[in-house]
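# Analysis of the macromolecular model
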Amino acid sequence: MTILILRPHPYGKKLAKKLSDLGFNTYNLPLIKFKEGKNLKLLPKIFTSLKDKDLIFVLSQQTIKYVNNFLKKLYLTWPMKPTYYAIGKNTALKLKKKINKKINYPKNIENMETLIDLLKLHDIKKKTALILQSNNSRKKLIKKLKKNGTKIISIECYKQIKKKINKKKLIKKLKKHKIKEIVATSKKILKKLYKLIPPKDRIKWLLNCKIIVISKRLAKIAYKLGWKKIYISDKANNNSLIKILKKIIIIK
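Below: a short report on this structure. (Residues numbered from 1 in each chain as written. Predicted model: local features only at pLDDT ≥ 70, side-chain atom pairs only at ≥ 80, totals over all residues. Heavy atoms only, no water.)

Across its full length, the protein chain carries eleven helices and twelve strands. Its C-alpha atoms give the protein chain a radius of gyration of 19 Å, near enough to 18 Å, the size a compact globule of 252 residues would have. For the protein chain, the C-alpha atoms occupy an extent of roughly 55 × 35 × 35 Å along the three principal directions. Across the 252 residues of the protein chain, 52% fall into the buried class. Expressed as a percentage of contacts within the protein chain between residues at least 6 apart in sequence, the contacts between residues at least 24 apart total 67%. (Helix = DSSP H or I, 4+ residues; strand = E, 2+ residues; numbered from the N terminus. Rg over C-alpha atoms; globule rule 2.2 N^0.38 Å. Buried < 20%, exposed > 50% of the residue type's maximum accessible area, 1.4 Å probe, protein only. Contact = heavy atoms within 4.5 Å.)

Dropping the structure here:
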(Lines give C-alpha, C1' and ligand atoms only; values in the text may rest on other atoms or scores of the structure.)
Protein backbone atom coordinates (compact mmCIF):
# COMPACT_ATOMS: atom_id res chain seq x y z
CA MET A 1 0.00 0.00 0.00
CA THR A 2 1.58 3.30 -1.15
CA ILE A 3 0.58 6.95 -0.90
CA LEU A 4 0.95 8.93 -4.13
CA ILE A 5 2.00 12.51 -3.37
CA LEU A 6 1.12 15.12 -5.96
CA ARG A 7 2.67 18.20 -4.38
CA PRO A 8 5.10 20.50 -6.18
CA HIS A 9 8.77 20.45 -5.18
CA PRO A 10 9.98 20.96 -2.43
CA TYR A 11 6.73 20.42 -0.47
CA GLY A 12 6.06 16.97 -1.94
CA LYS A 13 9.57 15.78 -1.13
CA LYS A 14 9.25 17.03 2.47
CA LEU A 15 5.86 15.35 2.90
CA ALA A 16 7.21 12.07 1.50
CA LYS A 17 10.16 12.21 3.93
CA LYS A 18 7.90 12.85 6.95
CA LEU A 19 5.55 10.02 5.98
CA SER A 20 8.44 7.62 5.34
CA ASP A 21 9.83 8.44 8.81
CA LEU A 22 6.42 7.44 10.21
CA GLY A 23 6.58 4.10 8.41
CA PHE A 24 4.36 4.85 5.39
CA ASN A 25 5.29 3.88 1.83
CA THR A 26 5.22 6.90 -0.50
CA TYR A 27 5.77 7.75 -4.14
CA ASN A 28 6.47 11.43 -4.76
CA LEU A 29 5.35 12.65 -8.20
CA PRO A 30 5.76 16.42 -8.74
CA LEU A 31 3.85 16.94 -12.00
CA ILE A 32 4.57 20.67 -12.16
CA LYS A 33 7.62 22.86 -11.68
CA PHE A 34 8.06 26.61 -11.15
CA LYS A 35 9.89 29.42 -12.90
CA GLU A 36 10.03 33.19 -12.45
CA GLY A 37 6.96 35.10 -13.63
CA LYS A 38 6.92 37.73 -16.36
CA ASN A 39 5.51 40.65 -14.33
CA LEU A 40 7.96 40.96 -11.42
CA LYS A 41 9.63 43.95 -13.09
CA LEU A 42 6.42 45.95 -12.50
CA LEU A 43 6.59 45.60 -8.71
CA PRO A 44 8.85 48.57 -7.77
CA LYS A 45 6.50 51.13 -9.37
CA ILE A 46 3.38 49.41 -7.98
CA PHE A 47 4.84 49.12 -4.46
CA THR A 48 5.63 52.84 -4.48
CA SER A 49 2.07 53.73 -5.55
CA LEU A 50 0.32 51.80 -2.75
CA LYS A 51 -1.16 53.85 0.10
CA ASP A 52 -2.16 53.21 3.71
CA LYS A 53 -4.86 50.55 3.99
CA ASP A 54 -4.43 49.37 0.40
CA LEU A 55 -4.26 45.58 0.22
CA ILE A 56 -1.64 43.03 -0.75
CA PHE A 57 -2.64 39.37 -1.17
CA VAL A 58 0.13 36.78 -0.98
CA LEU A 59 -1.32 33.49 -2.19
CA SER A 60 1.55 31.02 -1.79
CA GLN A 61 4.99 30.55 -0.26
CA GLN A 62 6.42 30.38 -3.78
CA THR A 63 5.22 33.95 -4.30
CA ILE A 64 7.31 35.13 -1.35
CA LYS A 65 10.37 33.33 -2.68
CA TYR A 66 10.21 34.88 -6.16
CA VAL A 67 9.24 38.38 -5.00
CA ASN A 68 11.93 38.42 -2.33
CA ASN A 69 14.65 37.24 -4.74
CA PHE A 70 13.64 39.97 -7.18
CA LEU A 71 13.62 42.71 -4.52
CA LYS A 72 17.03 41.63 -3.21
CA LYS A 73 18.61 42.16 -6.62
CA LEU A 74 17.40 45.77 -6.59
CA TYR A 75 18.11 46.37 -2.87
CA LEU A 76 14.40 46.98 -2.31
CA THR A 77 12.04 45.87 0.46
CA TRP A 78 8.37 44.97 0.80
CA PRO A 79 6.16 48.06 1.33
CA MET A 80 5.01 48.79 4.91
CA LYS A 81 1.91 50.90 4.22
CA PRO A 82 -0.55 48.28 2.81
CA THR A 83 -2.55 45.72 4.78
CA TYR A 84 -1.33 42.18 4.06
CA TYR A 85 -3.35 38.99 3.57
CA ALA A 86 -1.91 35.48 3.26
CA ILE A 87 -3.60 32.25 2.15
CA GLY A 88 -2.62 30.38 5.34
CA LYS A 89 -0.51 30.32 8.50
CA ASN A 90 2.76 29.03 6.98
CA THR A 91 2.63 31.62 4.21
CA ALA A 92 1.89 34.32 6.82
CA LEU A 93 4.81 33.23 9.03
CA LYS A 94 7.20 33.20 6.09
CA LEU A 95 6.00 36.65 5.01
CA LYS A 96 6.29 38.07 8.54
CA LYS A 97 10.03 37.30 8.48
CA LYS A 98 10.30 39.77 5.58
CA ILE A 99 7.83 42.38 6.90
CA ASN A 100 7.60 43.20 10.59
CA LYS A 101 3.85 43.82 10.70
CA LYS A 102 0.56 41.99 11.12
CA ILE A 103 -0.36 39.51 8.40
CA ASN A 104 -4.06 38.58 8.15
CA TYR A 105 -4.90 34.97 7.31
CA PRO A 106 -7.75 32.46 7.91
CA LYS A 107 -7.13 30.73 11.24
CA ASN A 108 -9.01 27.42 11.02
CA ILE A 109 -9.58 26.17 7.47
CA GLU A 110 -6.96 27.60 5.11
CA ASN A 111 -8.18 28.05 1.55
CA MET A 112 -9.46 30.71 -0.84
CA GLU A 113 -13.04 30.47 0.43
CA THR A 114 -12.07 31.20 4.04
CA LEU A 115 -9.70 33.99 2.97
CA ILE A 116 -12.63 35.62 1.14
CA ASP A 117 -14.80 35.18 4.27
CA LEU A 118 -12.09 36.96 6.28
CA LEU A 119 -12.47 40.04 4.07
CA LYS A 120 -16.04 40.48 5.32
CA LEU A 121 -14.61 41.54 8.68
CA HIS A 122 -12.54 44.34 7.17
CA ASP A 123 -13.24 47.55 5.30
CA ILE A 124 -11.93 46.92 1.79
CA LYS A 125 -14.19 49.29 -0.14
CA LYS A 126 -12.62 51.57 -2.73
CA LYS A 127 -9.09 50.40 -1.97
CA THR A 128 -6.39 49.16 -4.33
CA ALA A 129 -5.67 45.42 -4.06
CA LEU A 130 -2.41 43.94 -5.33
CA ILE A 131 -2.72 40.17 -5.90
CA LEU A 132 0.64 38.37 -5.96
CA GLN A 133 0.13 34.95 -7.51
CA SER A 134 1.16 32.37 -10.09
CA ASN A 135 -0.09 32.22 -13.69
CA ASN A 136 -3.35 30.75 -12.33
CA SER A 137 -6.03 33.44 -11.99
CA ARG A 138 -7.90 33.68 -8.65
CA LYS A 139 -11.34 34.39 -10.07
CA LYS A 140 -13.31 34.08 -6.81
CA LEU A 141 -11.09 36.57 -5.00
CA ILE A 142 -11.16 39.00 -7.92
CA LYS A 143 -14.98 38.75 -8.10
CA LYS A 144 -15.29 39.51 -4.37
CA LEU A 145 -12.96 42.50 -4.58
CA LYS A 146 -14.73 43.91 -7.63
CA LYS A 147 -18.07 43.77 -5.79
CA ASN A 148 -16.59 46.12 -3.21
CA GLY A 149 -15.37 48.61 -5.79
CA THR A 150 -11.75 47.61 -5.28
CA LYS A 151 -9.18 48.48 -7.92
CA ILE A 152 -7.32 45.26 -8.73
CA ILE A 153 -3.71 44.83 -9.82
CA SER A 154 -2.71 41.23 -10.50
CA ILE A 155 0.96 40.28 -10.82
CA GLU A 156 2.27 36.95 -12.10
CA CYS A 157 5.20 36.34 -9.76
CA TYR A 158 5.90 32.81 -10.94
CA LYS A 159 4.69 30.28 -13.48
CA GLN A 160 3.50 26.73 -12.91
CA ILE A 161 4.77 24.58 -15.77
CA LYS A 162 3.73 20.99 -16.48
CA LYS A 163 6.65 18.56 -16.42
CA LYS A 164 7.12 16.19 -19.35
CA ILE A 165 6.18 12.66 -18.34
CA ASN A 166 6.73 9.33 -20.05
CA LYS A 167 3.21 7.83 -19.75
CA LYS A 168 4.18 4.19 -20.18
CA LYS A 169 6.97 4.35 -17.59
CA LEU A 170 4.76 6.28 -15.16
CA ILE A 171 1.84 3.82 -15.34
CA LYS A 172 4.26 0.91 -14.89
CA LYS A 173 5.72 2.56 -11.78
CA LEU A 174 2.32 3.42 -10.29
CA LYS A 175 1.09 -0.16 -10.76
CA LYS A 176 4.27 -1.48 -9.18
CA HIS A 177 3.77 0.75 -6.12
CA LYS A 178 0.13 -0.36 -5.69
CA ILE A 179 -1.19 3.13 -4.99
CA LYS A 180 -4.13 3.22 -2.56
CA GLU A 181 -4.14 6.87 -1.42
CA ILE A 182 -3.50 10.09 -3.35
CA VAL A 183 -2.65 13.55 -1.98
CA ALA A 184 -3.53 16.33 -4.47
CA THR A 185 -3.21 20.02 -3.62
CA SER A 186 -4.14 21.74 -6.87
CA LYS A 187 -6.63 21.47 -9.72
CA LYS A 188 -3.88 21.56 -12.36
CA ILE A 189 -2.00 18.62 -10.82
CA LEU A 190 -5.14 16.56 -10.26
CA LYS A 191 -6.34 16.99 -13.86
CA LYS A 192 -2.84 16.28 -15.17
CA LEU A 193 -2.78 12.92 -13.35
CA TYR A 194 -6.29 12.07 -14.56
CA LYS A 195 -5.33 12.72 -18.21
CA LEU A 196 -2.08 10.76 -17.92
CA ILE A 197 -3.86 7.54 -16.91
CA PRO A 198 -5.66 5.58 -19.71
CA PRO A 199 -9.46 5.15 -19.26
CA LYS A 200 -9.18 1.42 -18.50
CA ASP A 201 -6.71 2.03 -15.65
CA ARG A 202 -8.74 4.99 -14.34
CA ILE A 203 -11.73 2.73 -13.82
CA LYS A 204 -9.71 -0.25 -12.59
CA TRP A 205 -7.66 1.50 -9.86
CA LEU A 206 -7.17 5.27 -10.07
CA LEU A 207 -10.74 6.32 -9.23
CA ASN A 208 -10.94 3.63 -6.53
CA CYS A 209 -8.11 5.27 -4.59
CA LYS A 210 -8.84 7.42 -1.56
CA ILE A 211 -8.00 11.02 -2.44
CA ILE A 212 -7.04 13.79 -0.03
CA VAL A 213 -7.58 17.39 -1.20
CA ILE A 214 -7.29 20.79 0.50
CA SER A 215 -10.60 22.53 -0.29
CA LYS A 216 -14.27 21.94 -1.06
CA ARG A 217 -13.66 23.37 -4.54
CA LEU A 218 -10.99 20.75 -5.25
CA ALA A 219 -13.21 18.03 -3.73
CA LYS A 220 -15.98 18.95 -6.20
CA ILE A 221 -13.52 18.70 -9.09
CA ALA A 222 -12.35 15.26 -7.88
CA TYR A 223 -15.97 14.12 -7.59
CA LYS A 224 -16.80 15.29 -11.12
CA LEU A 225 -13.78 13.37 -12.44
CA GLY A 226 -15.11 10.21 -10.82
CA TRP A 227 -13.56 9.82 -7.35
CA LYS A 228 -15.94 8.74 -4.57
CA LYS A 229 -13.65 8.37 -1.54
CA ILE A 230 -12.74 12.04 -1.09
CA TYR A 231 -11.32 13.59 2.10
CA ILE A 232 -10.69 17.28 2.74
CA SER A 233 -7.74 18.51 4.83
CA ASP A 234 -8.43 21.65 6.89
CA LYS A 235 -5.11 23.13 5.84
CA ALA A 236 -2.67 22.74 2.97
CA ASN A 237 0.42 22.27 5.15
CA ASN A 238 2.16 18.91 5.47
CA ASN A 239 1.29 18.40 9.16
CA SER A 240 -2.44 18.67 8.41
CA LEU A 241 -2.13 16.28 5.47
CA ILE A 242 -0.29 13.75 7.64
CA LYS A 243 -2.99 14.03 10.32
CA ILE A 244 -5.80 13.18 7.89
CA LEU A 245 -3.75 10.42 6.23
CA LYS A 246 -3.26 8.72 9.60
CA LYS A 247 -7.04 8.64 10.07
CA ILE A 248 -7.83 7.52 6.54
CA ILE A 249 -5.37 4.66 6.34
CA ILE A 250 -6.99 3.10 9.42
CA ILE A 251 -10.37 3.10 7.58
CA LYS A 252 -10.91 -0.22 5.80
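Let's shift gears to the nonpolar core. By size, the foremost hydrophobic cluster in this structure holds 72 residues, and its most contacted members are W78, L130, L132, I182 and W227. Ranked by residue count, the leading element in this core is helix α11 (residues 238-250), at six residues. Among residues more than four places away in sequence, those in contact with L130 are L43, I46, F47, L50, L55, I56, F57, I153 and I155. Formed by 16 residues, the second largest nonpolar core is a distinct cluster that contains M112, A129, I131 and L141. (Core = buried A, V, L, I, M, F, W, Y, C linked by side-chain atoms within 4.5 Å.)

There is a patch of like positive charges on the surface, built from K139, K162, K187, K191, K195, K216, R217, K220 and K224. Taken together, the elements giving at least two residues each to the positive patch come down to α8 (187-196) and α10 (216-225). It is α10 that contributes the most residues to the positive patch, four residues altogether. Classification of K216 by relative accessible area gives exposed; the value is 62%. (Patch = residues over 30% accessible without salt bridge, like charges linked within 9 Å, V, L, I, M, F, W, Y side chains within 5 Å. Areas by Shrake-Rupley, 256 points an atom, 1.4 Å probe, with all protein chains shown as cover. Salt bridge = Lys/Arg side-chain N within 4 Å of Asp/Glu carboxyl O. Lys, Arg positive; Asp, Glu negative; His and termini not counted. Charge placed at Lys NZ, Arg CZ, Asp CG, Glu CD.)

Right, let's get into the sheet that holds strand β5 (residues 83-86). Spatial ordering of the open sheet is given by β6-β5-β4-β7-β8, a layout of five strands whose pairing is parallel. Each edge of the sheet is formed by a strand with only one pairing partner; in this case those strands are β6 (103-104) and β8 (151-156). Across two bridges, β5 lies against β6 in parallel orientation. Paired with Y85 across the two strands is N104, which belongs to β6. Sitting on the sheet, helix α6 (residues 139-147) is in contact with β4 (55-58), β7 (128-133) and β8, with an inclination near 175° to β7. (Pairing = 2+ DSSP bridges. Axes fitted to C-alpha atoms, helices over the stretch in contact; angles between N-to-C directions.)

Looking now at the environment of K176. Among the structural elements, K176 can be located in helix α7 (residues 167-177). Along the sequence, K176 and T2 sit 174 residues apart, while their C-alpha atoms lie 9.7 Å from each other.

With that settled, the discussion passes to the packing of aromatic side chains. According to the stated counting rule, one finds six aromatic pairs in the structure shown. Here Y194 and W227 contribute two aromatic rings whose centre-to-centre distance is 6.4 Å and whose plane-to-plane angle is 55°, an arrangement assigned as tilted. Taken together, the positions of Y194 in helix α8 and W227 in the loop between α10 and β12 (230-232) put the pair 33 residues apart, joining distant regions of the chain. Neither residue differs from the other here; Y194 and W227 are each classed as buried. In textbook terms, an aromatic cluster arises when at least three aromatic residues are bridged by ring pairs, as seen for F34, Y66 and Y158. Between R202 and the ring centre of Y194, over which it is positioned, the NZ or CZ distance is 4.1 Å. (Phe/Tyr/Trp six-rings, centres within 6.5 Å; stacked < 30°, edge-to-face > 60°. Lys NZ or Arg CZ within 6 Å of the ring centre and 35° of its normal.)

Attention now goes to the sheet that holds strand β2 (residues 25-28). In space, the five strands of this open sheet follow the order β2-β1-β10-β11-β12, with parallel pairing throughout. Looking along the sheet, the strands with just one partner apiece sit at the ends: β2 and β12. In this sheet, adjacent strand axes meet at a mean angle of 25° when their direction is disregarded. As judged from the three bridges shared by strand β11 (residues 210-213) and β12, these two strands associate in the parallel manner. Note that in β12 the partner of V213 across the bridge is I232.

With 13 residues, helix α3 (residues 61-73) should cover 18 Å at 1.5 Å per step; its first-to-last C-alpha distance of 19 Å lies within 8% of that length. Residues of α3 that are buried include every one of Q62, T63, I64, Y66, V67, N68, F70 and L71, and no others. Structurally, the start of α3 carries an N-cap: the backbone nitrogen of Q62 is 3.4 Å from a side-chain oxygen of S60. Of the residues trailing α3, Y75 is marked for its positive phi of about 55°. (Expected span 1.5 Å × (residues − 1). Polar contact = N/O pair within 3.5 Å; in protein donor to acceptor, adjacent residues only side chain to side chain.)

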